[in-house]
Amino acid sequence: MSQLDQQLLLSRVREGDRQALAKAITIIESFAQSFNISETLTTAQVIGVTGAPGVGKSTTVDALIKLLRQKNFSVAVLAVDPSSPISGGALLGDRIRLSNHFTDPKVFIRSLATRGHLGGLSVSTKAILDLIQVAKFDYIIVETVGVGQSEVEVMRIVDTVVVVLAPGMGDGIQASKAGLLEIGDIYLINKSDRDGAKETAQDIERSISMSPAKIIGEVSWIPPVLLGTMQSGKGIDELMEKIASHRELLNKNG
Ligand SMILES: Nc1nc2c(ncn2[C@@H]2O[C@H](COP(=O)(O)OP(=O)(O)O)[C@@H](O)[C@H]2O)c(=O)[nH]1
Ligand SMILES: [Mg+2]
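As the structure is a computational prediction, the values presented were derived from the model and not from experiment. (Residues numbered from 1 in each chain as written. Chains lettered and ligands numbered in written order. Predicted model: local features only at pLDDT ≥ 70, side-chain atom pairs only at ≥ 80, totals over all residues. Heavy atoms only, no water.)

As a further point, take the packing of aromatic side chains. Across all of its chains, the model carries 2 aromatic pairs by this definition. Ring geometry for Phe73 and Tyr139: centres 5.2 Å apart, planes at 75°, overall edge-to-face. Placement of Phe73 in the loop between α3 (57-70) and β2 (75-80) and of Tyr139 in strand β4 (residues 139-145) is noted, with a sequence separation of 66 residues between them. Taken together, a centroid distance of 6.3 Å and an interplanar angle of 45° make the contact between Phe108 and Phe137 tilted. Here Phe137 lies in the loop between α5 (120-134) and β4 and Phe108 lies in strand β3 (residues 107-112), a separation of 29 residues in the sequence. Residue classification places Phe108 among the buried residues on the basis of a relative accessible area of 8%. (Phe/Tyr/Trp six-rings, centres within 6.5 Å; stacked < 30°, edge-to-face > 60°. Helix = DSSP H or I, 4+ residues; strand = E, 2+ residues; numbered from the N terminus. Buried < 20%, exposed > 50% of the residue type's maximum accessible area, 1.4 Å probe, protein only.)

Structure below.
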């Protein structure tokens, strides 16, 4: 794509043309090409949502979208799944779940089927996040399946990482092995309508207390562990409050 075509496409993205945004993302995805963005980017908060398959990440994203839309914020969602040829069905399920928002012009949802190499995925995701910033969204949510190294890498480029866990779906040791306890800014024990949620929360709290504290600027942030039932939206306000507190700290000290 020529420089001129690039700049034309970018100006359409800037004006809020969603088709142009989708096209530009495809270009980054397919050709590992990034755009020359000269402007100062807006300050959308980028929220990462990660965790093992089935814990309720997409349900959490859906609840977050609902809450943010009630406050009239615009939201872009990137569902990153490097192994999507295999789990294509799962992504399709997500699409259906998120479809409540498909007709809302202030919600943009995109799955990335990037089969990038290690490191490559986070590079292209970063380029796509920059592009979404050009489109001036208030919030960007990145959902990844937190099982592989490249997904953990993707979480390093977001502002606030929410790690979702569910009772009976892996304990603190497993989460730690998957690298999830290194990256979480907030832990959400979802499916707290089921047995064992409190125990899972205690287990994670114990693991966090044994990990080095997160330092933001000169302040330490102890990742909160929340209980929630995202299916009914229970706990979503508290989750959003913690996301906001984390951002406030980043803004002051980042
Ligand atoms: N019991 C219960 N089930 C839930 C809750 N949240 C999500 N689920 C269900 O768990 C399954 C997986 O949810 P999904 O959001 O697709 O998980 P993901 O793979 O992590 O994105 C779905 O059948 C959801 O309906 C919850 O709070 N309680
Ligand atoms: Mg999902």
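Bringing the sheet that holds β4 into the picture now. Spatially, the 7 strands line up as an open sheet ordered β3-β2-β4-β1-β5-β6-β9, and their pairing is parallel. Every other strand in the sheet has two partners, leaving β3 and β9 (225-227) as the edge strands with one partner each. Recorded for the sheet is a direction-independent mean angle of 20° between the axes of neighbouring strands. In terms of strand pairing, β2 meets β4 through 6 bridges, oriented parallel. Following the sheet pairing, Ala79 is matched in β4 by Glu143. Here helix α9 (residues 197-209) sits on the sheet in contact with β5 (160-165), β6 (186-189) and β9, set at roughly 175° to β9. (Pairing = 2+ DSSP bridges. Axes fitted to C-alpha atoms, helices over the stretch in contact; angles between N-to-C directions. Contact = heavy atoms within 4.5 Å.)

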